[in-house]
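Residue-level structure breakdown
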Amino acid sequence: KIGFPVVLKLYSVTITHKTDVGGVQLNLRDEDAVRAAFNAIQTSVREKAGEEHFQGVTVQPMVKLEGYELILGSSLDPQFGPVLLFGLGGSLVEVFKDRSLGLPPLNSVLARRMMERTKIFQALKGVRGRPPVDLPALESTMVRFSQLIAEQRWIKELDINPLLASPDQLLALDARVVVHPAGMDESQLQPLAIRPYPTQYISKWATQDGTAMVMRPIRPEDEPMIVRFHETLSDHTVYLRYLRPMLIEARVAHERLARICHCDYDREINFVAEIDAAQPEDRKILGAARLSKMHGLNEARFSILISDLAQGMGLGKEMLRRLLDIARQEKLARIEALVTPDNEAMKHICGELGFRLVPVSEENLIKAEIDL
């Protein structure tokens, strides 16, 4: 029904490397060749591994694309939990060992960094007159693969090998998956080393003048918008937030913003309010907040920074209200913030939302605190 030529591959629940036992027959052009290949695979598996390892064969179209054989996989590490693998694939994957490791979930930048750490990456970009493969599509595949691993915790191992990458398309020629035993308790599943992006905290809101906003945790790719956000802040706004003067060169330094935008959501949730616009050039961050968990305590310290373009619109109060909701969902017992005595707006907002305002005389500051 699928036509010729075809490929026959061993179907076995125990054998991973089919070529080691003669389990692959390529370019079969008619029915007689298929029958002969089936018998050859069955005989080879019986002699090299045992009859019990043969459950039949799969029939697939013979792929004629020219490209590079890659591997994309995931396995469990005793310390880090699920770990991703990318590199040169095919039957010689263990021989060349051209691969890189990463932790799920990935974004496009992290996926590209994994690719760049391999030798095959130079060929993927195009070499000796050969056109490059579709690198954005490969990035997207790696990101979606990592999301699958992050979301489906019952997956123990998953390999796509070979993943054929050509200038025209990406094609998974073979794959295997191992799941945890059905009787295993969910509490025994290893957690991710890096917490996935908390999509449950994304919501919408409108300002008093009707401007549509999206409230969401920050993403690594938000750094350019955060730079533009800091350009809208006056010296007085900066002083009230950081409790001291701070030059814009220091605030927008890449080393600093990289830590803020690419945060560990399990320890710190940086939260932004962004204009909800269809065109990317119209998107703009007008507010930023942070909820930082205190080491060794079930408590967190928060901070809020509102652009001078959006002050007096109720944005600060709404962001603090949402931070309180996030803190409760994170099962924190208490949150607090340090406020300068002249920050009347923040003191008023905290008072309306039920915070206690306690003077800290030795620092000439006021602590706003609330038990959750």
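The following paragraphs examine the structure supplied in this document. (Residues numbered from 1 in each chain as written. Predicted model: local features only at pLDDT ≥ 70, side-chain atom pairs only at ≥ 80, totals over all residues. Heavy atoms only, no water.)

Points about the pairing of strand S5 (residues 81–88)
Selection rule: Note on classification: 1.4 Å probe, protein chains only; a residue is buried when its accessible area is under 20% of the maximum for its type, exposed when over 50%, partly exposed between these limits. By the criteria applied, helices consist of DSSP H or I runs no shorter than four residues and strands consist of E runs no shorter than two, each listed in order from the N terminus. Pairing between strands requires that DSSP locate at least two bridges from one strand to the other.
With seven of eight residues buried, S5 lies mostly within the body of the structure. Pairing between strand S4 (residues 68–77) and S5: eight bridges, direction antiparallel. By the bridge assignment for S5, Ser 75 is matched with Val 83. Once S4 ends, the chain turns through three residues before running back antiparallel as S5.

Description of the packing of helix H6 (residues 223–230) against helix H9 (residues 254–261)
For clarity, the cut-off: Axis definition: a line fitted to C-alpha atoms, over the contacting stretch in the case of helices. Angles run 0 to 180 degrees between N-to-C directions. What makes a crossing left-handed is the near helix being turned counterclockwise from the far one by less than a right angle; a clockwise turn instead makes it right-handed. Residue contacts follow a heavy-atom distance rule, with two residues in contact if any of their heavy atoms lie within 4.5 Å. Classes in brief: Ala, Val, Leu, Ile, Met, Phe, Trp, Tyr, Cys and Pro nonpolar; Asp, Glu, Lys and Arg charged; the others, Gly included, polar.
Direction vectors running N to C along H6 and H9 enclose 115°, while the axes themselves pass 10 Å from each other. Crossing handedness for the pair H6 and H9: right-handed. Seen from H6, the contacting residues are Glu 223, Ile 226, Val 227 and His 230; seen from H9, they are His 254, Arg 256, Leu 257, Ala 258 and Cys 261. When grouped by side-chain class, the residues that make up the contact of H6 with H9 number five nonpolar, two polar and two charged.

Some details on the sheet that holds strand S11 (residues 212–217)
Strand order in the open sheet formed by eight strands is S10-S11-S12-S13-S14-S15-S17-S16, and the pairing between neighbours is mixed. The open sheet terminates on both sides in strands that have one partner only, identified here as strand S10 (203–206) and strand S16 (356–360). Averaged over neighbouring strand pairs, the angle between their axes works out to 25° when direction is ignored. Sheet topology note: the strand S14 (residues 299–306)/strand S15 (residues 334–339) ladder contains three bridges and is parallel. Across the sheet, the residue bridging to Arg 301 is Glu 336, located in S15. Across the face of the sheet, helix H7 (residues 235–242) comes into contact with strand S13 (285–293) and S14 while running at roughly 175° to S14.

Here we look at the packing of helix H10 (residues 315–329) against helix H11 (residues 344–352)
What counts is decided by this rule: Put simply, angles under 35 degrees are roughly parallel, angles over 145 are roughly antiparallel, angles from 65 to 115 are roughly perpendicular, and the rest are oblique.
Two elements in contact, H10 and H11, have axes whose closest approach is 10 Å; the angle formed by their N-to-C orientations is 45°. The angle between the axes of H10 and H11 places the two elements in the oblique class. Judged by the sense of rotation from one axis to the other, the crossing of H10 with H11 is right-handed. On the side of H10, the interface is formed by Gly 316, Lys 317 and Leu 320, while H11 contributes Ile 349, Cys 350 and Glu 352. Along the lines of polarity and charge, the residues of the contact of H10 with H11 split into three nonpolar, one polar and two charged.

What about the sheet that holds strand S1 (residues 6–10)?
With antiparallel pairing, three strands are arranged side by side in an open sheet as S2-S1-S3. Each end of this open sheet is capped by a strand with a single partner; those strands are strand S2 (24–28) and strand S3 (57–61). Here the average twist between neighbouring strands, direction ignored, is 20°.

Notes on the pattern of salt bridges
Heads up, the condition is: By definition here, a salt bridge exists when the distance from a side-chain nitrogen of Lys or Arg to a carboxyl oxygen of Asp or Glu is within 4 Å.
One pass over the structure, following the stated rule, counts 27 salt bridges. Salt-bridge contacts for Glu 139 lead to Arg 112; the nearest nitrogen and oxygen are separated by 2.5 Å. Of this pair, Glu 139 sits in helix H5 (residues 135–151) while Arg 112 sits in helix H3 (residues 108–116), placing them 27 residues apart in sequence. A relative accessible area of 13% means that Glu 139 is categorised as buried. For Arg 112, a relative accessible area of 23% corresponds to the partly exposed category. One salt bridge connects Arg 176 with Glu 157, and the closest N-O pair in it is separated by 3.2 Å. One end of the pair, Arg 176, is in strand S9 (residues 175–179); the other, Glu 157, is in strand S7 (residues 155–165), and 19 residues separate them in sequence.

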